[in-house]
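Report on the structure
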Amino acid sequence: MSNQSVDRETFLQQLESVQAGLSTREVMEQSSCFVFKNGTVQTYNDEIACKQNCTLDLHGAVQAEPLLGILRKLPENSIQVTNTDEEFIIEGKKRKAGIRMEHEILLPVERIDQPVEWKDLPDDFTEAVQIVCQCAGADESQFRLTCVHITPTHVEASDNFQVSRYTVATPIEESTLVRRDSIKHIIELGMTQFCETESWIHFKNPNSLILSCRRYADEANDFPDLSPIIDFNGEPTTLPTSLAEAVEKAEIFSSESTDDNQVLIQLRAGKLRIRGEGNFGWFTETKPLKYKGKDLSFRISPKLLVDLVNRHNECEITEDRLKVDGGNFVYVTSLSIGETIE
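Residues numbered from 1 in each chain as written. Predicted model: local features only at pLDDT ≥ 70, side-chain atom pairs only at ≥ 80, totals over all residues. Heavy atoms only, no water.

What follows concerns the pattern of salt bridges. Under the counting rule described, the total for this entry stands at 19 salt bridges. A salt bridge links Arg215 to Glu196, with the nearest nitrogen and oxygen atoms 3.0 Å apart. Of this pair, Arg215 sits in strand E16 (residues 210-216) while Glu196 is found in strand E14 (residues 193-196), placing the two residues 19 residues apart along the sequence. Through salt bridges with shared partners, one network takes in Glu47, Glu140 and Arg179. (Salt bridge = Lys/Arg side-chain N within 4 Å of Asp/Glu carboxyl O. Helix = DSSP H or I, 4+ residues; strand = E, 2+ residues; numbered from the N terminus.)

Turning our attention to the side chain of Gln162. As for its position among the elements, Gln162 is in strand E12 (residues 162-167). The exposure class of Gln162 is buried, given its relative accessible area of 2%. Among all residues touching Gln162, those that are not within four sequence positions of it are Gln134, Cys135, Ala157, Gln262, Arg299, Ile300, Leu304, Tyr331, Val332 and Thr333. (Buried < 20%, exposed > 50% of the residue type's maximum accessible area, 1.4 Å probe, protein only. Contact = heavy atoms within 4.5 Å.)

Moving on: the packing of aromatic side chains. Counted under the stated rule, the structure contains seven aromatic pairs. Ring centres 6.1 Å apart and planes at 10 degrees place the aromatic pair Phe36 and Phe88 in the stacked group. Highlighted residues: Phe36 in strand E2 (residues 33-37) and Phe88 in strand E7 (residues 87-91), separated in sequence by 52 residues. Residue Phe36 is classed as buried on the basis of its relative accessible area of 0%. With a relative accessible area of 0%, Phe88 lands in the buried category. Relative to Phe329, the ring of Tyr166 lies with its centre 6.5 Å away and its plane at 20 degrees, an arrangement referred to as stacked. (Phe/Tyr/Trp six-rings, centres within 6.5 Å; stacked < 30°, edge-to-face > 60°.)

Below, the discussion takes up the side chain of Glu285. As for its placement among the helices and strands, Glu285 is situated in strand E20 (residues 281-288). A polar side-chain atom of Glu285 sits 3.1 Å from a polar atom in the side chain of Lys287. Discounting chain neighbours no more than four positions away, the residues touching Glu285 are Ala246, Lys249, Leu272, Arg273 and Ile274. (Polar contact = N/O pair within 3.5 Å; in protein donor to acceptor, adjacent residues only side chain to side chain.)

We now examine the sheet that holds E20. Strand order in the open sheet made by the four strands is E20-E19-E18-E21, with antiparallel pairing throughout. Of all strands in the sheet, those bounded by a partner on one side alone are E20 and strand E21 (296-300). Here the strands of the sheet are splayed against their neighbours by 20 degrees on average, with no regard to which way each runs. Here five bridges tie strand E18 (residues 263-268) to strand E19 (residues 271-278), and the two strands are oriented antiparallel to one another. Looking at the pairing, Leu267 lines up with Leu272 of E19. In this fold helix H7 (residues 243-254) packs onto E18, E19 and E20, with an angle of close to 25 degrees to the strand it touches most, E19. Against the sheet, helix H8 (residues 302-311) touches E18, E19 and E21, its axis set at about 105 degrees to E21. (Pairing = 2+ DSSP bridges. Axes fitted to C-alpha atoms, helices over the stretch in contact; angles between N-to-C directions.)

Shown next, in the form of structure tokens:
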């Protein structure tokens, strides 16, 4: 048995920083646990592995959900942590909680390649991931389209309806695919360094947090060539700068679908209409637009649309495609006839 005094807020922040590696279901033993080992806390769910230095010196695995829950509810700044043969005990003033603990570590964290040589990430790498992630698909039957394609010269993604490419000199040596749902976690973690190994790509931030994503280098060879889709000229037009305000209102309803949060945009002669719809209602708004073509429409992530308009609201339109070219990034979506907003 050991007894340690720890700062609750610091301990909680360390645990929350590795949440991306947790699994909501037991994909392997202890994949829903925080694993404490050699002065670190680790998580691993077969696609993502996280590792962070930990103030708590402990060896074993503790279920993550109840541990996070109780730490967030306790008011004390300092808590006592005791581990027995079977329990992880947290104690504050006149309150105590015990969580089942396994001293034998079964989570196969040793499967993860260890990063060796770290390289600096470009300042805009996280921005590139943030933009292109929103264009990757969710259809598991088309695995490559659920991934972000990272190359030495650019980062890109597509779901067969929309395409985004961000030109950035990455430190990667061999092009690879990484699942969108894995790499998206680096956006909020302030990653500044990068390392690639045979089966993983690793990211590190100034707080020594390491997030590792499984890589699919062989599958990258079959990723579709997006250049023919991107390289075209259309009729120039300007998206309304006030569109972002309308998007925020429409997203109140569209965000009910977390897996497929999209708004519908319709182009008509002289106007643009936006519609957000969910199980409990809808919102629509019309904006003036210098456009003379036939009625066309497309669907897009609200956050991506706001990003595009804020960065570069000039676009080009053909009979079947719309392109926003911001210089270092390009976004293209297919346009369709028939889906209307009343």
